[in-house]
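One letter stands for each residue in the lines below.
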Amino acid sequence: MDSINQQQPEKNHEDLAGSEAGKKIKELVDKSNTCYFCTKITTGEPLTTRPMSVQKVDDAGNFWFLSANDSHKNAAIQTDNKVQLLFQGSEHSDFLSIYGLATISTDKELIKELWEPILKTWFTEGIDDPRITAIKVETLEGYYWDNKHGDAVAFVKMAAGAILGKTLDDSIEGKLSV
């Protein structure tokens, strides 16, 4: 544990597993369903990062996206299917990092389940656009950082800590194992 966290007067680390990890993942993704979707994780090349909207997070902690079959992202996944998803829900909390394995599907029923009308912006032929694929990211491990009582309480604790010269931080963080 680092020196700042050692000064905390209250619990600020909690690893979550199983359904508790799944609930935390869903809670944080509900606050911001847009993430940075990173590929080329193990290639030794610089990461390629792009914003993506999550279409669904299931109870097992899997993430679902829609993507074009001719996208750079799909090509990168076919070369190296290890990906990193990075979320930040607000300026001071709701951070989530997911490392997982991506697979690409052309299952039409799955695509229909994930479809939203706004996606016609990218898939101009609509739900039957032949370029649409579904990407599943299976969570291998994750990490979260959040506050325990909301941004207002976190701010009050930080301000009190600054006045008192004490580390009074409302944060909670830990590993996620689904």
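Residues numbered from 1 in each chain as written. Predicted model: local features only at pLDDT ≥ 70, side-chain atom pairs only at ≥ 80, totals over all residues. Heavy atoms only, no water.

1. Quick word on the overall build of the protein
Reasoning step 1: Along the protein, the regular secondary structure elements total 5 helices and 9 strands.
Reasoning step 2: Listing every helix and strand of the protein by position from the N terminus yields α-β-α-β-β-β-β-α-β-β-α-β-α-β.
Reasoning step 3: Relative to its full complement of 178 residues, the protein shows a buried share of 42%.
Reasoning step 4: The contacts of the protein with a sequence gap of at least 6 include a subset with a gap of at least 24, amounting to 68%.
Reasoning step 5: Here the protein has roughly 9900 Å² of accessible surface; of this, 54% comes from carbon and sulfur atoms. (Helix = DSSP H or I, 4+ residues; strand = E, 2+ residues; numbered from the N terminus. Buried < 20%, exposed > 50% of the residue type's maximum accessible area, 1.4 Å probe, protein only. Contact = heavy atoms within 4.5 Å. Areas by Shrake-Rupley, 256 points an atom, 1.4 Å probe, with all protein chains shown as cover.)

2. Here we look at the pattern of salt bridges
Reasoning step 1: A full pass over the atoms with the stated rule returns 9 salt bridges.
Reasoning step 2: With its nearest N and O atoms 3.9 Å apart, the salt bridge here joins glutamate 27 to lysine 31. With glutamate 27 and lysine 31 both in helix H2 (residues 18–31), this residue pair falls 4 residues apart, about one helical turn.
Reasoning step 3: Overall, the relative accessible area of 34% leaves glutamate 27 in the partly exposed class.
Reasoning step 4: The salt bridge partner of arginine 131 is aspartate 129, with a shortest N-O separation of 3.0 Å.
Reasoning step 5: Judged by relative accessible area, which is 26%, arginine 131 ranks as partly exposed.
Reasoning step 6: Since its relative accessible area comes to 1%, aspartate 129 is described here as buried.
Reasoning step 7: Here the residues in one salt-bridge network are Lys24, Glu27, Lys31, Asp94 and Asp146, joined through shared partners. (Salt bridge = Lys/Arg side-chain N within 4 Å of Asp/Glu carboxyl O.)

3. Topic: unusual backbone geometry
Reasoning step 1: Of note, the phi angle at lysine 40 is positive, near 65 degrees, even though the residue is not glycine.
Reasoning step 2: Following the sequence through the fold, lysine 40 ends up in the loop between strand E2 (34–39) and strand E3 (48–53).
Reasoning step 3: Lysine 40 sits in the partly exposed class, given a relative accessible area of 27%.

4. Quick notes on the confidence of the model for the protein
Reasoning step 1: With 78% of its residues at a pLDDT of 70 or more, the protein has an overall mean of 84.
Reasoning step 2: Note that pLDDT drops below 50 for residues 152–162; the model gives that stretch 12 contacts with residues more than four away or on any other chain. (pLDDT = per-residue confidence, 0-100.)

5. Some details on the side chain of serine 67
Reasoning step 1: Secondary-structure assignment places serine 67 in strand E5 (residues 63–68).
Reasoning step 2: What makes serine 67 buried here is its relative accessible area of 2%.
Reasoning step 3: A distance of 3.2 Å separates polar atoms of two side chains, one belonging to serine 67 and the other to serine 71.
Reasoning step 4: With residues near it in sequence (within four places) discarded, serine 67 still touches Lys73, Asn74, Phe123, Arg131, Ile132, Thr133 and Ile135. (Polar contact = N/O pair within 3.5 Å; in protein donor to acceptor, adjacent residues only side chain to side chain.)

6. Concerning the packing of aromatic side chains
Reasoning step 1: In the structure shown here, the tally under the stated rule is 2 aromatic pairs.
Reasoning step 2: On the basis of an interplanar angle of 85 degrees and a centroid distance of 5.1 Å, the ring pair of phenylalanine 37 and phenylalanine 65 is categorised as edge-to-face. Linking phenylalanine 37 in strand E2 with phenylalanine 65 in strand E5, this pair joins segments that are 28 residues apart in sequence. Here the two residues phenylalanine 37 and phenylalanine 65 agree in accessibility, since each one is buried. (Phe/Tyr/Trp six-rings, centres within 6.5 Å; stacked < 30°, edge-to-face > 60°.)

7. A word on H2
Reasoning step 1: With 14 residues, H2 extends 21 Å between its outermost C-alpha atoms, agreeing within 8% with the 20 Å of an ideal straight helix rising 1.5 Å per residue.
Reasoning step 2: Of all the residues in H2, the buried ones are Ala21, Gly22, Lys24, Ile25, Leu28 and Val29. The buried side chains of H2 occupy one side of the element, clustering within an arc of 160 degrees when seen end-on. Exposed residues on H2 whose side chains face more than 90 degrees from its buried face are Ser19, Lys23 and Asp30. (Expected span 1.5 Å × (residues − 1). Arc of directions from axis to C-beta.)

8. Observations regarding the environment of alanine 60
Reasoning step 1: Along the chain, alanine 60 turns up in the loop between strand E4 (56–57) and E5.
Reasoning step 2: Overall, the relative accessible area of 45% leaves alanine 60 in the partly exposed class.

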